[in-house]
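Structural description and commentary
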Amino acid sequence: MRVYVPLTLLGLAEAHKAGELGPGPLTAYAVTPGLREWYVSDDIEELEYAALNRAAAASLRLIAADPAAARRRVVVAADVPDREAVSDPDMRLDASSLGEVRIAAAIALRKAAAVHVDSDDADADVTAAAAALGAADHGDDDARFTVDGAEDHELLWFGIQEIPNLIA
């Protein structure tokens, strides 16, 4: 199963140094039954893109929680055995946890398929979105619009061999 692990650039640097994403348990995002039902699609590429976007939103939350974090969302895509990515059936249709899975153990970074990172031109929108996230969560429409501005930026694809350049 392809999973999408949300990080910050500092988290990516730590994973690179340790050679793994972890320690476990990890929260990641994947194509789960709840995500399939919510997205109403059988197209696996569309569903994986939706899971990637859920992970990017989780990365934004990590950034918002750490004022020192670089304002670039980071998601690592990795393949794990299906049995290792466990979704909570009780949270299946909870909008805040769509696609969320738990992975008990660390994931070797060599199993990563790619790293997805915001481009430099997303910095202002990601900064504004991180600042507006709390208000957006409380129903502020203007703040939600600001958060959506960050989501309008597509994450760029990088091979895992490019991690040293991303964290430099």
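Throughout what follows, the structure given in this document is the object of discussion. Please read all numbers here as calculations on a predicted model, not as lab measurements.

**Re the layout of surface pockets**
There is about 550 Å³ of room inside the largest pocket. Residue lining of the largest pocket: 25 residues in total, with Asn53, Arg54, Ala57, Arg144 and Glu151 positioned closest to the centre. Elements that contribute at least two residues to the lining of the largest pocket include exactly α2 (33–39), α3 (44–65), α4 (123–137) and α5 (141–151). The element best represented in the lining of the largest pocket is α3, accounting for 9 residues. What the second largest pocket holds in volume is close to 240 Å³. For the second largest pocket, the lining is made up of 16 residues, of which Val5, Pro6, Leu7, Gly22 and Leu26 are closest to its centre. In terms of residue count, helix α1 (residues 9–18) provides more of the lining of the second largest pocket than any other element does, 4 residues in total. Broken down by class, the residue content of the lining of the second largest pocket amounts to 10 nonpolar, 3 polar and 3 charged.

**Structural notes on the side chain of Arg73**
Topologically, Arg73 is positioned in the loop between α3 and β4 (74–79). We classify Arg73 as buried; its relative accessible area is 3%. A distance of 3.1 Å separates the side chain of Arg73 from the backbone oxygen of Ala150, its partner in a polar contact. In this structure the side chain of Arg73 is engaged in a polar contact, spanning 3.0 Å, whose partner is the backbone oxygen of His153. Each residue touching Arg73, except ones within four places of it in the same chain, is listed here: Ala56, Ser59, Leu60, Ile63, His116, Val117, Asp118, Val126, Ala150, Glu151, His153 and Leu155.

The rules we used
- Residues numbered from 1 in each chain as written.
- Predicted model: local features only at pLDDT ≥ 70, side-chain atom pairs only at ≥ 80, totals over all residues.
- Heavy atoms only, no water.
- 1 Å grid on protein atoms, 1.4 Å probe; cavity = no way out; pocket = protein on both sides within 12 Å on 5 of 7 lines; lining within 4 Å.
- Points joined across faces, edges and corners; volume = space filled by probe spheres on them.
- Helix = DSSP H or I, 4+ residues; strand = E, 2+ residues; numbered from the N terminus.
- Nonpolar A, V, L, I, M, F, W, Y, C, P; charged D, E, K, R; others polar.
- Buried < 20%, exposed > 50% of the residue type's maximum accessible area, 1.4 Å probe, protein only.
- Polar contact = N/O pair within 3.5 Å; in protein donor to acceptor, adjacent residues only side chain to side chain.
- Contact = heavy atoms within 4.5 Å.

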